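Structural overview for review
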Number of protein chains: 2
Amino acid sequence: MSLIVTGSVGIDTVETPDGQRADEVLGGSSIYFAAGASYFTPVRLVAAVGDDFPAPMLDQFKQFDVCTDGLEQREGSKTFRWHGRYHENMNDRDTLDVQLNVLGEALPPVPDHYKDSKYIFLANTHPAGQLALLEQFPDRKLVVADTMDLWIETEPDLLKTLLSKIDGFVLNDSEAKQLTGEQNVIKAADAVLAMGPTFVIVKKGEHGAILRHKDGTGVLPAFPADQVVDPTGAGDSFASGMMGYLCAADDTSVDAIKRAMAYGTIVASYTIEKFSTDRLAEIDRATIEERVKEFATHLDIGAGI
Amino acid sequence: MSLIVTGSVGIDTVETPDGQRADEVLGGSSIYFAAGASYFTPVRLVAAVGDDFPAPMLDQFKQFDVCTDGLEQREGSKTFRWHGRYHENMNDRDTLDVQLNVLGEALPPVPDHYKDSKYIFLANTHPAGQLALLEQFPDRKLVVADTMDLWIETEPDLLKTLLSKIDGFVLNDSEAKQLTGEQNVIKAADAVLAMGPTFVIVKKGEHGAILRHKDGTGVLPAFPADQVVDPTGAGDSFASGMMGYLCAADDTSVDAIKRAMAYGTIVASYTIEKFSTDRLAEIDRATIEERVKEFATHLDIGAGI
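Definitions and limits used
- Residues numbered from 1 in each chain as written.
- Chains lettered and ligands numbered in written order.
- Predicted model: local features only at pLDDT ≥ 70, side-chain atom pairs only at ≥ 80, totals over all residues.
- Heavy atoms only, no water.
- Helix = DSSP H or I, 4+ residues; strand = E, 2+ residues; numbered from the N terminus.
- Rg over C-alpha atoms; globule rule 2.2 N^0.38 Å.
- Buried < 20%, exposed > 50% of the residue type's maximum accessible area, 1.4 Å probe, protein only.
- Contact = heavy atoms within 4.5 Å.
- Lys, Arg positive; Asp, Glu negative; His and termini not counted.
- Charge placed at Lys NZ, Arg CZ, Asp CG, Glu CD.
- Least-squares fit on C-alpha atoms with pLDDT ≥ 70 in both.
- Pairing = 2+ DSSP bridges.
- Axes fitted to C-alpha atoms, helices over the stretch in contact; angles between N-to-C directions.
- Buried area = accessible area lost by both parts, 1.4 Å probe.
- Salt bridge = Lys/Arg side-chain N within 4 Å of Asp/Glu carboxyl O.
- Polar contact = N/O pair within 3.5 Å; in protein donor to acceptor, adjacent residues only side chain to side chain.
- Nonpolar A, V, L, I, M, F, W, Y, C, P; charged D, E, K, R; others polar.
- Disulfide = S-S within 2.5 Å.
- Phe/Tyr/Trp six-rings, centres within 6.5 Å; stacked < 30°, edge-to-face > 60°.
- Lys NZ or Arg CZ within 6 Å of the ring centre and 35° of its normal.
- Parallel < 35°, antiparallel > 145°, perpendicular 65-115°, else oblique.
- Left-handed = near helix turned anticlockwise from the far one by under 90°.
- Arc of directions from axis to C-beta.
- Core = buried A, V, L, I, M, F, W, Y, C linked by side-chain atoms within 4.5 Å.
- Right-handed = clockwise from strand over helix to strand, strands pointing away.

**Observations concerning the overall build of chain A**
- When helices and strands are tallied, chain A shows 10 helices and 14 strands.
- A compact globule built from 305 residues should have a C-alpha radius of gyration of about 19 Å, and chain A, at 18 Å, falls within 12% of that.
- The dimensions of chain A, computed from C-alpha atoms along their principal axes, are 60 × 45 × 35 Å.
- Here chain A, with 305 residues, has 58% of them falling under the buried criterion.
- Look at the contacts in chain A between residues 6 or more apart in sequence, and 64% of them connect residues 24 or more apart.
- Put simply, chain A has 27 plus and 47 minus side-chain charges, and the middle of one group is 5 Å from the middle of the other.

Structural data, given as structure tokens:
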């Protein structure tokens, strides 16, 4: 099965409350997604960077099983940059600087040999871009999109059009409330479901995630992590484990999605242990399986129930 | 097995953000605990009210399988009163008025025929009172205590003494951080464990609860509730289902505690559906079992993992 991701590639500078920082490291939604999902299935990447993108950064990324034929290096453009600082609680963050650069320009082209992709993750970008990309995959079997508060505020109608064309939607709890006007997260999720998708996953960061699916409900806590270095990319890593698992299993049932969410939780739990994709670069599928098994014991409330 | 609870009985006035309110209704930590636990095992209640405590309120409470021989109606004293208003998020609340009254006086006596109690829940009160009560149960098998931010701030040393004498401690996430100075909830839980108890449960309200036990870890989300009328008593209800289950099973193993936490989650999910103990008064053990089974499907990430 073929998994494709479209989204951002960025050069990040991240500061954490204990005084650590990472300067100009590889980031972006599609990078975290592709790296994590590559432990489940080969991943195709569609994204754009500028002519300032450092060759060693790309070389380093090539250790993941990701096809970068769709990574356009655009002459005369600059790569997306983000500089953020996390608060003491490691959940809230301030954006100190953001330069959209190539992200504000035309979409990267989809290589012809990617057009048979069946599992598609539209990482956060302008919903017009998500819609345009979506149409380029006529064989799509499962399309899941992410979004952010900016598009909910500025492009609610386009987002609703997107929601009528995709299978699954992931967003965080504050975004779900913003999009629907519902304060209760379950009501908010149900209101999103009513907009068209088959399922919605509300991400709650360190508090886990909730699935509302036309055929059922799933609730998962986060993996109990005592070493959080940098939460950047946790949401995309969650999506990566989830989509990677579903694509490898070629199963889109509600039971598969619940299991897939556990894999997503575990990939995210590794991502946050180091800056950038540094921790993801150290693990393998066996490491993931080991922690998923541990997580299953945490969740185990007894066979008798 | 015998389960005993000591804590507050109050007359509450509660306002919720949708404009609903309940005036002068039965509340207090030991009331929520005793009502919920009574679906698992008979419960003994040690608490004090004033001579203003309405007889119909007591009559109504007698529908629960709770022995009230230890409920002292103290002449010349007044019952604890609390008036609170919840914020839009149904999590934060303002206390508009609180009158400690009898809670600020001498502890209620423990009836002699309660002194063989084996499962003991010390609901939130001054830690000196919790310590004094604890000593009156020489046959104790499992002692679990709750606390609040006030005692962490004003009586940290007494709390540490208490922690060295009990088996389990339940507190919410902000209290765990306050008590230990650790921002990460897992590190905070481990720091509490280092103070003496065999296990600690960090309650996160709508985000579930985390168990750190000398023999293992459990993490549970909350039940996905779409109808939250009044969160008052949710924490004590969680403790009630947990302790009720453990006492009925006469099992204090880590696996039993993890299962017990699921029962606690479900009892709390009923409590918040109506004001006071109104919803608890409508359910039975079968209702609880039915929702625990539903919750188990939410948590089910597949047998293959």
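The rest of the description comes next.
**Some words on the relation of the copies chain A and chain B**
- Superposition of chain A onto chain B requires a rotation of 180 degrees combined with a translation of 0.0 Å along the rotation axis, giving an RMSD of 0.0 Å. Here the transformation between the copies is reduced to the relation of a two-fold axis.
- The residues that chain A uses at the interface reappear at the interface of chain B in 98% of cases, marking a shared surface.

**What to know about the sheet that holds strand 8 (residues 93-99) of chain B**
Residue and element names in this part refer to chain B.
- If you trace the 4 strands from one edge of the open sheet to the other, you get 3-2-7-8, paired in mixed fashion. Since the sheet does not close on itself, it has two edges, and those belong to strand 3 (21-27) and strand 8, each with one partner. Taken pair by pair, the neighbouring strands of this sheet meet at an average axis angle of 20 degrees, ignoring direction.
- Inspection of the sheet shows strand 2 (residues 10-15) paired to strand 7 (residues 80-86) by 6 bridges, in the parallel sense. Across the sheet, residue glutamate 15 finds its bridge partner in strand 7, namely arginine 85.

**What to know about the interface of chain A and chain B**
- The interface is formed by 40 residues belonging to chain A together with 39 residues belonging to chain B.
- Of the roughly 3200 Å² buried at the junction of chain A and chain B (both faces included), carbon and sulfur atoms supply 62%.
- One can count 0 salt bridges joining chain A with chain B.
- There are 9 residue pairs in polar contact (both at pLDDT 80 or more) connecting chain A and chain B.
- Counting only elements with at least two residues in the side of chain A that touches chain B, the list comes to helix 7 (185-193), strand 14 (216-220), helix 9 (254-271) and helix 10 (285-299) of chain A.
- Looking at the side of chain A that touches chain B, the element that brings in the most residues is helix 10 of chain A, giving 7 residues.
- Each residue belonging to the side of chain A that touches chain B can be placed in one class, and the counts come to 18 nonpolar, 11 polar and 11 charged.

**Brief notes about unusual backbone geometry**
- At methionine 90 of chain A, a residue that is not glycine, the phi angle is positive and equals roughly 60 degrees.
- By the secondary structure assignment, methionine 90 of chain A is in the loop between strand 7 (80-86) and strand 8 (93-99).
- Its identity as a non-glycine residue notwithstanding, serine 276 of chain B has a phi of 50 degrees, on the positive side.
- Tracing the sequence through the fold places serine 276 of chain B in the loop between helix 9 (254-271) and helix 10 (285-299).
- What makes serine 276 of chain B buried here is its relative accessible area of 5%.

**Regarding the sheet that holds strand 3 (residues 21-27) of chain A**
Residues and elements named next belong to chain A.
- Taken together, 4 strands build an open sheet; the order of strands is 3-2-7-8 and the sheet is mixed. Two strands bound the open sheet, and with one partner strand each, they are strand 3 and strand 8. This sheet shows a mean twist of 20 degrees between the axes of neighbouring strands, independent of strand direction.

**Overview of the state of the cysteines**
- In total, this model carries 0 disulfides over all chains according to the counting rule given.
- With no disulfide of its own, cysteine 247 of chain A lies 14 Å from the sulfur of cysteine 67 of chain A, the closest cysteine sulfur.

**With respect to the packing of aromatic side chains**
- Per the stated rule, a full pass over the model turns up 12 aromatic pairs over all chains.
- Here tyrosine 39 of chain B and phenylalanine 64 of chain B contribute two aromatic rings whose centre-to-centre distance is 6.4 Å and whose plane-to-plane angle is 80 degrees, an arrangement assigned as edge-to-face. Here tyrosine 39 of chain B, found in the loop between helix 1 (29-37) and strand 4 (43-50), pairs with phenylalanine 64 of chain B, found in the loop between helix 2 (55-61) and strand 5 (66-67); they are 25 residues apart in sequence, far enough to count as distant.
- Judged by centre distance (5.6 Å) and plane angle (90 degrees), the rings of phenylalanine 40 of chain B and tyrosine 263 of chain B are edge-to-face. With phenylalanine 40 of chain B in the loop between helix 1 and strand 4 and tyrosine 263 of chain B in helix 9, this pair connects stretches of sequence that are 223 residues apart. In this structure, phenylalanine 40 of chain B and tyrosine 263 of chain B share a single accessibility class: buried.
- Site record: aromatic cluster; members linked through ring pairs are Tyr39, Phe61 and Phe64 of chain A.
- Taking NZ or CZ as reference, arginine 291 of chain A lies 3.9 Å from the ring centre of tyrosine 270 of chain A, over its face.

**Remarks on the packing of helix 6 (residues 173-180) of chain A against helix 7 of chain A**
Residue and element names in this part refer to chain A.
- One way to put it is that helix 6 packs onto helix 7 with a least axis distance of 9 Å and a crossing angle of 60 degrees. With respect to their mutual orientation, helix 6 and helix 7 come out oblique. Relative to helix 7, helix 6 is oriented so that their crossing is left-handed. From helix 6, Asp173, Ala176, Lys177, Leu179 and Thr180 reach across to helix 7, where they touch Val185, Ala188, Ala191 and Val192.
- Residue classes in the contact of helix 6 with helix 7 are distributed as 6 nonpolar, 1 polar and 2 charged.

**Some thoughts on helix 6 of chain A**
Residues and elements named next belong to chain A.
- Every buried residue belonging to helix 6 is among Glu175, Ala176, Leu179 and Thr180, and all of these are buried. Within helix 6, the buried residues cover an arc of 115 degrees as seen down the axis, which keeps them to one side.
- Packed against the buried residues of helix 6 are helix 4 (149-154), helix 5 (156-163), strand 11 (168-172), helix 7 and strand 12 (199-203).
- Once helix 6 ends, the next one or two residues include glycine 181, with phi positive near 75 degrees.

**A look at the nonpolar core**
- The biggest cluster of nonpolar side chains holds 93 residues, and the ones touching the most others in it are Phe169 of chain A together with Ile201 and Ile288 of chain B.
- A per-element tally of this core places helix 9 of chain B first, with 11 residues.
- Here isoleucine 201 of chain B is in contact with Phe169, Val170, Leu171, Ala209, Ile210, Leu211, Phe238, Met242, Ile257 and Met261 of chain B, once residues within four sequence places are set aside.

**Considerations on the pairing of strand 10 (residues 142-146) of chain B**
Residues and elements named next belong to chain B.
- For strand 10, a buried count of 5 out of 5 residues is recorded, marking the element as mostly surrounded by other parts of the structure.
- Burial along strand 10 is two-sided: Leu142, Val144 and Asp146 facing one way and Val143 and Ala145 facing the other are all buried.
- Both strand 9 (residues 119-122) and strand 10 contribute to a ladder of 4 bridges, which runs parallel. Bridge pairing links leucine 122 to alanine 145 in strand 10.
- A crossover links strand 9 with its parallel partner strand 10, the connecting element being helix 3 (residues 127-134), and its sense is right-handed.
- Where strand 10 and strand 11 (residues 168-172) come together, 3 bridges link them in parallel fashion. Across the sheet, the residue bridging to valine 144 is glycine 168, located in strand 11.

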